[in-house]
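Okay, here's what each chain looks like letter by letter:
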Amino acid sequence: MSGVLDLVREDLRGFGGYSSARSARLDGEIWLNANEAAWPNPGDAAATCRRYPEPQPQALRERLAALYGCTPGQLLIGRGSDEAIDLLVRALCVPGRDGVLYTPPVFGMYAVSARLQNAPALEVPLRDDEAGLVPDIEAIIATAKRGGARLVFLCSPSNPGGLSIPLAQVEQVAVALRGQALVVVDEAYAEFADEPSAATLLPRHDNIAVLRTLSKAHALAAARIGCVIADADLVAVLRCCQAPYPVPAPCSALALDGLDDAALLRTRERTALVRAERGRLRAALAALPGVRRVYASDANFLLVRFVDAETAFQRLLAAGVVVRDQRAAPQLHDALRITLGTPEQNARVLGVLATLEPAA
């Protein structure tokens, strides 16, 4: 038993969860144990969906583990990173007692999951300095200790800030909060960055977990395949808290096809193109008279402050370009987030924004 299990809710330690028909390791020729239909649906002539899927498809689990540099036992597949966030909050936080710390402006699901669990929300705003939007590590540690945080979410690269968190800082938080909190590093955009994965810290720190997804660089957002990488004992607890069949068979098959050697080669080529376009677009946007600031980014998007964000948003929309309005987020009253598209799409964005007026 590992020390990280002390962070699990007391009432869930030893919880066995639901034992589905597929969880039993049985072998046979005629399967009559799960109340499935004896014939396929007319729309599924190949009968690919007649039976319940593997709760954790072994082939996909092994493929993802190889991709992310962990063992299959350290990895739990779920419905995108969103499910992993929800599972972690439900499994570790006693409602009304254990806090969830996050660093706004940041991905909104950390706050949503905390609210649904009635977990106290602890916010430590990112600092806006010359480098960009960066975490205040000392404030994170102090607030987590003072507020009784059980989970600390660090988004790296940050969304919408764009910057990665150095591994030394992740390790600093994990060391300071050992025995109190699990440090969860959300690496949804890691393929676009240079910083090594925080999964490399797991051998030394069992109070670190990492979130990964196939929704971004791997272009499989609709398949809803993500995973949490953590201590194997914690992964086993999370599986007991998960729905019986979280990975639909068609999505698992699609993910395996999207992770074969040829597909991974093409994904790496496209990721390199996005990174090149990121530098080109950032420089071009920064030169426009209607732009106040373009933040450095390690992800597949750029956060941009405008002299008149409303006009910029509406002109892009009129040209058929939809970007993310960030003006309701803390500190970002004049900002839009622009995802990197194809070179042609990026050129259209520049063409539209070049018509903006400079500051009066």
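What comes next is a walk through the structure.

Quick notes on the rules
- Residues numbered from 1 in each chain as written.
- Predicted model: local features only at pLDDT ≥ 70, side-chain atom pairs only at ≥ 80, totals over all residues.
- Heavy atoms only, no water.
- Pairing = 2+ DSSP bridges.
- Helix = DSSP H or I, 4+ residues; strand = E, 2+ residues; numbered from the N terminus.
- Contact = heavy atoms within 4.5 Å.
- Axes fitted to C-alpha atoms, helices over the stretch in contact; angles between N-to-C directions.
- Buried < 20%, exposed > 50% of the residue type's maximum accessible area, 1.4 Å probe, protein only.
- Arc of directions from axis to C-beta.
- Parallel < 35°, antiparallel > 145°, perpendicular 65-115°, else oblique.
- Left-handed = near helix turned anticlockwise from the far one by under 90°.
- Nonpolar A, V, L, I, M, F, W, Y, C, P; charged D, E, K, R; others polar.
- Phe/Tyr/Trp six-rings, centres within 6.5 Å; stacked < 30°, edge-to-face > 60°.
- Lys NZ or Arg CZ within 6 Å of the ring centre and 35° of its normal.

### Focus: the sheet that holds strand β10 (residues 291-294)
Piece 1. The four strands lie next to each other as β10-β11-β13-β12, forming an open sheet whose pairing is antiparallel. Two strands in the sheet have a free side with no partner beyond their single neighbour: β10 and β12 (324-325).
Piece 2. Note: β12 against strand β13 (residues 335-339), two bridges, orientation antiparallel. Note that in β13 the partner of Arg 324 across the bridge is Arg 337.
Piece 3. Against the sheet, helix α8 (residues 261-286) touches β10, β11 (301-306) and β13, its axis set at about 5 degrees to β11.

### Some thoughts on helix α7 (residues 249-258)
Piece 1. Every buried residue of α7 is listed here: Cys 251, Ser 252, Ala 255 and Gly 258. Down the axis of α7, the smallest arc covering the buried residues is 125 degrees, so these residues share one side.
Piece 2. Elements in contact with the buried residues of α7: α1 (58-68) and α8.

### Some details on the packing of helix α9 (residues 309-318) against helix α10 (residues 343-353)
Piece 1. Contact pair α9 / α10: the axes reach a minimum separation of 9 Å and the direction vectors enclose 130 degrees. Our classification of the angle between α9 and α10 gives oblique. When the axes of α9 and α10 are compared, the crossing they make is right-handed. Across the interface between the two elements, Ala 312, Arg 315 and Leu 316 from α9 touch Val 349, Val 352 and Leu 353 from α10.

### Observations regarding the side chain of Gln 326
Piece 1. Mapped onto the elements, Gln 326 comes out in the loop between β12 and β13.
Piece 2. You can call Gln 326 buried: its relative accessible area is 10%.
Piece 3. Among all residues touching Gln 326, those that are not within four sequence positions of it are Pro 160, Leu 303, Leu 332, Ala 335, Leu 336 and Arg 337.

### Topic: the packing of helix α4 (residues 137-147) against helix α5 (residues 167-176)
Piece 1. Across the interface, α4 lies against α5 with an axial gap of 10 Å and an inter-helix angle of 20 degrees. Considering their axes alone, α4 and α5 lie roughly parallel with respect to each other. Between α4 and α5 lies a crossing of right-handed hand. Contacts between α4 and α5 involve Ile 137, Glu 138, Ile 140, Ile 141 and Lys 145 on the former and, on the latter, Gln 169, Gln 172, Val 173 and Ala 176.
Piece 2. Taken together, the residues of the contact of α4 with α5 sort by class into five nonpolar, two polar and two charged.

### Notes on the packing of aromatic side chains
Piece 1. What the rule picks out here adds up to four aromatic pairs.
Piece 2. Aromatic side chains Tyr 110 and Phe 153 sit 4.6 Å apart centroid to centroid with 10 degrees between the ring planes, which places their arrangement in the stacked category. You can see Tyr 110 sitting in helix α3 (residues 109-116) and its partner Phe 153 sitting in strand β6 (residues 149-155), a full 43 residues away along the chain. Judged on exposure class, the residue Tyr 110 and its partner Phe 153 are both buried.
Piece 3. Here the aromatic rings of Tyr 189 and Phe 301 are separated by 5.2 Å at their centres, their planes lie at 85 degrees, and the arrangement is edge-to-face. With Tyr 189 in the loop between β7 (182-186) and β8 (208-213) and Phe 301 in strand β11, this residue pair connects regions lying 112 residues apart in the sequence. For the residue pair Tyr 189 and Phe 301, the accessibility class agrees, reading buried in each case.
Piece 4. Above the face of the Phe 301 ring, Arg 337 is positioned so that its terminal group lies 5.6 Å from the ring centre.

### Thoughts on unusual backbone geometry
Piece 1. The step from Pro 104 to Pro 105 runs through a cis peptide bond, and the omega angle for that step is 0 degrees.
Piece 2. Position of Pro 105 among the secondary structure elements: in the loop between β2 (99-102) and α3.
Piece 3. Residues other than glycine seldom take positive phi values, yet Ala 47 does so here, at roughly 55 degrees.
Piece 4. We classify Ala 47 as partly exposed; its relative accessible area is 33%.
Piece 5. Look at Arg 224: it is not a glycine, yet its phi comes out positive at around 55 degrees.
Piece 6. Examined against the element boundaries, Arg 224 turns out to sit in the loop between β8 and β9 (226-229).

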